[in-house]
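Reading the structure
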Amino acid sequence: MNVRTRFAPSPTGSMHIGNVRNAAFSWLLARHFEGEFVLRIEDTDRTRYVPGAVEEIIEGLRWLGTDWDEGPIYQSSRLKHYQEYAQKLLDGGHAYCCWCSPERLAEMREEQQKAGRPTGYDRYCREDSHGRSLDEPHVIRFAMPTQGTTVFTDAVRGEFSFDNVLQDDFVMLKADGYPTYHLASVVDDYLMNITHVVRSEEWISSTPKHLQLYHALGWQAPTLVHPPLILGPDRSKLSKRHGSVAFKDYIEHGYLPDAVLNFMALLGWSPGDNREVMTREELTEAFSIEGIVKHPAIFDIQKLDWINQQHTNRLSNEDYEAEVRRHIRLCETHADKLPENEREEKLSVLKRFEEMFDGVDPDYRSEVIALMQSRSTPVADFIDYSWNYFATDFDYEEKGLKWLRDETAPGYYEKLEAALEATDWASPAREELHALLEEQIRSVGASVGREGGAVIHPVRIASTGRTVGPSLFEALAVLGKDRVIERLRKARQKSRELSAS
Ligand code: GLU
């Protein structure tokens, strides 16, 4: 069998984690079986259409690397197919026209609620058109069987059985000629030869409607796959407080696409062994419907961070650099959506960083990357953490200024400058240099009566502008003799100004 799956989002807002997980599962399934993956935009509900949503979907899937073989196919451009099959269902006695006004339907619903009965269309027009003509506005409803049950087996959750009489005679085609989800998705899944439908569990309750449609049209239904719900770590419905639910936020934070795909795949699927960190190829190879679990998946942002860290550590220096550059491009593109003043500021920060990043010697750049790569995940952090390694002028972190305010600091810096100037930085191997720098700094510190943090912190703030960062001696070795001495000199001056004021 040629496996064909599809991702069928509605452009009604931002893509959220649940949508993307379904897209990832559909894609992995298609790729596992070397089948095809179709992107279909379900844009038939014109009242809920959000401009820009389609672009966001496309950008998101491209970013994630879940490439599609067909599409995007827009349902709004396929109305004739839905109309044709609605007519077939009318002709076969499986559907009927309904002229009931919204007012009548509202009244009916109110009465049903008052009487404590299930709400649903009362089939007023099913047997009788009440003298109405086809020229008057009307919808087309599906005539659900009023007896028996609809039984189906979900590939993940097993068998379900629904009483037909409790199913609504749902609207298939609206008065404006647009289909509802039920008709459009059944027709398209059939016409597009979709073999496996992976979709959110909210659709389970509509499945009897779909199966009755397939039956009435004489078609075989695809395999239905409803992966589990995604909950927060506290097992409540996923919401902002568990981290953002909007996918674009993860893109903007600079997570790696491979890490996000890995994380998404584990939201309700397991390879059946202990593996957690998996490449795209490993995921594709291992993915199976059997590995999809029934119990809710837990969205834990710390796990995403951990997986992202593991993927980041595996990147080569060049690949990490490429990720940094890719991230900058992406932020520039996204800046378009910011208010004007924020946009200007954001773009100028990115431009400044890129100039500095490009302006240094490539060997130095790659040393800074090696120093920062494992600490800077997501990659957006790299810009912030490495900024002062590239800048010739930077502000000291407020918290660290106390080391400069100390009136004995200028003297300490001066001695350090002399000692480090007299040190041979070039000959020793890297590890030896770290030890040598440590020895020098500790002995200068001791000579001026400094101990513990008072030895180290003033050097860190002077050389990196920060109070925290990688091992100080490694950082100094990367910065190199000239930068370090220059920075100590600047700190000495600043310290004089501060302690004098
Ligand atoms: N357009 C539907 C949604 O976004 C698709 C459901 C499906 O995959 O069939 O929920």
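The preceding data block contains the structure.
Residues numbered from 1 in each chain as written. Predicted model: local features only at pLDDT ≥ 70, side-chain atom pairs only at ≥ 80, totals over all residues. Heavy atoms only, no water.

Quick look at the pattern of salt bridges now. Under the counting rule described, the total for this entry stands at 35 salt bridges. We note a salt bridge from D234 to R241, for which the minimum N-O separation is 3.0 Å. A relative accessible area of 44% means that D234 is categorised as partly exposed. Of the charged contacts, one joins R450 and D406 as a salt bridge, the two residues approaching to 2.9 Å between their closest N and O atoms. Residue R450 is found in the loop between α17 (430-447) and α18 (453-464), and its partner D406 is found in the loop between α15 (401-405) and α16 (409-421); the two are separated by 44 residues along the sequence. The class for D406 is partly exposed, based on a relative accessible area of 25%. Each of the salt bridges in this network shares a partner with another, and the network as a whole consists of R6, R40, E42, R78, D188 and D189. (Salt bridge = Lys/Arg side-chain N within 4 Å of Asp/Glu carboxyl O. Buried < 20%, exposed > 50% of the residue type's maximum accessible area, 1.4 Å probe, protein only. Helix = DSSP H or I, 4+ residues; strand = E, 2+ residues; numbered from the N terminus.)

A few words on the pairing of strand β7 (residues 158-163). Here strand β6 (residues 149-154) runs beside β7; their pairing, made up of six bridges, is antiparallel. Across the sheet, V151 pairs through a bridge with S161, a residue of β7. Here β6 folds back onto β7, and the loop between the two strands holds three residues. (Pairing = 2+ DSSP bridges.)

Turning our attention to the site of the ligand. Looking at the ligand, the residues that line it are R6, A8, P9, S10, E42, Y181, R199 and W203. Contacts to the ligand include A8, whose backbone N or O atom sits 2.8 Å from a nitrogen atom. With the chains in place, 85% of the 290 Å² that the ligand exposes on its own is no longer accessible. A breakdown of the residues in the shell around the ligand according to their chemical character gives four nonpolar, one polar and three charged. (Near = heavy atom within 4 Å. Polar contact = N/O pair within 3.5 Å; in protein donor to acceptor, adjacent residues only side chain to side chain. Areas by Shrake-Rupley, 256 points an atom, 1.4 Å probe, with all protein chains shown as cover. Nonpolar A, V, L, I, M, F, W, Y, C, P; charged D, E, K, R; others polar.)

Moving on, we come to the side chain of R78. Relative to the helices and strands, R78 is located in the loop between β3 (70-74) and α3 (79-91). Setting aside its immediate chain neighbours within four residues, R78 contacts I73, D188, L191 and M192. (Contact = heavy atoms within 4.5 Å.)

All right, on to the packing of aromatic side chains then. Inspection of every chain in the model, using the stated rule, returns 23 aromatic pairs. Each ring, one from Y412 and one from Y413, has its centre 6.3 Å from the other, and the planes form 20°; the classification is stacked. Of the two residues, Y412 and Y413, neither departs from the other in class, the shared state being buried. (Phe/Tyr/Trp six-rings, centres within 6.5 Å; stacked < 30°, edge-to-face > 60°.)

All right, on to the sheet that holds strand β4 (residues 95-98) then. Read across the open sheet, the three strands follow the order β4-β5-β8; overall the sheet is antiparallel. This sheet does not close on itself; its edge strands, each paired only once, are β4 and β8 (171-173). Taking the axes of each pair of neighbouring strands and ignoring which way they run, one obtains an average angle of 45° across the sheet. (Axes fitted to C-alpha atoms, helices over the stretch in contact; angles between N-to-C directions.)

Once that is clear, we can look at a negative patch on the surface. Negative charge collects at one region of the surface, where E103, E107, E110 and E111 lie side by side. With respect to the helices and strands, the residue E110 is situated in helix α4 (residues 102-114). A residue is classified by how much of its surface remains accessible, and E110, at 45% relative accessible area, is partly exposed. (Patch = residues over 30% accessible without salt bridge, like charges linked within 9 Å, V, L, I, M, F, W, Y side chains within 5 Å. Lys, Arg positive; Asp, Glu negative; His and termini not counted. Charge placed at Lys NZ, Arg CZ, Asp CG, Glu CD.)

Let's shift gears to the packing of α3 against helix α5 (residues 181-191). At a closest axis distance of 10 Å, the pairing of α3 and α5 adopts a crossing angle of 105°. With respect to each other, α3 and α5 are oriented roughly perpendicular. On α5, the residues that touch H81, Y82, Y85, A86 and L89 of α3 are L183, A184, V187, D188 and L191. Of the residues assigned to the contact of α3 with α5, the class counts are eight nonpolar, one polar and one charged. (Parallel < 35°, antiparallel > 145°, perpendicular 65-115°, else oblique.)

Turning our eyes to something else, we now look at the environment of Y385. Among the structural elements, Y385 can be located in helix α14 (residues 380-390). Y385 gets classed as partly exposed once you look at its relative accessible area, which sits at 34%. Along the chain, Y385 and R375 lie 10 residues apart, while their C-alpha atoms are 8.6 Å from each other. Residue contacts for Y385: discarding those within four places in its chain leaves M372, R375, S376 and R466.

Turning our attention to the nonpolar core. Core analysis: the biggest nonpolar cluster contains 52 residues, and F353, F382, F390 and Y413 have the highest contact counts within it. Excluding residues that lie within four positions of it along the chain, F382 makes contacts with Y320, V324, F353, F357, V368, I369, M372, S376, W387 and F390. Listed in part, the 50 residues of the second largest apolar core include M15, L64, L238 and W269. (Core = buried A, V, L, I, M, F, W, Y, C linked by side-chain atoms within 4.5 Å.)

What follows is about the pairing of strand β1 (residues 4-7). In β1, alternate side chains face the same way, and those of R4 and R6 on one face and T5 and F7 on the other are all buried. For the crossover from β1 across helix α1 (residues 17-32) to strand β2 (residues 36-41), the handedness is right-handed. (Right-handed = clockwise from strand over helix to strand, strands pointing away.)

A few words now on α1. The first and last C-alpha atoms of α1 sit 22 Å apart over 16 residues, in line with the 22 Å expected at 1.5 Å per residue. Once α1 finishes, E34 follows within two positions and takes phi at roughly 55°, a positive value. (Expected span 1.5 Å × (residues − 1).)

With respect to the element layout, W387 can be found in helix α14. A relative accessible area of 22% places W387 in the partly exposed class. Along the sequence, W387 and T5 sit 382 residues apart, while their C-alpha atoms lie 44 Å from each other.

Let us now look at unusual backbone geometry. Between G71 and P72 the backbone carries a cis peptide bond, its omega angle lying at 0°. In this structure, P378 follows T377 across a cis peptide bond, with omega equal to -5°. Tracing the backbone through its elements, the reader meets P378 in the loop between α13 (362-372) and α14. If you check the backbone angles, E34 has positive phi at about 55° while not being a glycine. Note on placement: E34 falls in the loop between α1 and β2. One non-glycine residue, H130, lies in the positive phi region at around 50°. Tracing the sequence through the fold places H130 in the loop between α4 and β5 (139-142).

Let's shift gears to the state of the cysteines. Inspection of every chain in the model, using the stated rule, returns zero disulfides. Free cysteine: C97, not disulfide-bonded; nearest cysteine sulfur from C98 at 8.8 Å. (Disulfide = S-S within 2.5 Å.)

Take the side chain of H327 next. With respect to the secondary-structure elements, H327 resides in helix α11 (residues 317-335). Residues within four places of H327 in sequence aside, it is in contact with I251, E252, H253, G254, V379, A380 and I383.

Interpretation note: all reported values are geometric properties and have no functional meaning in isolation.
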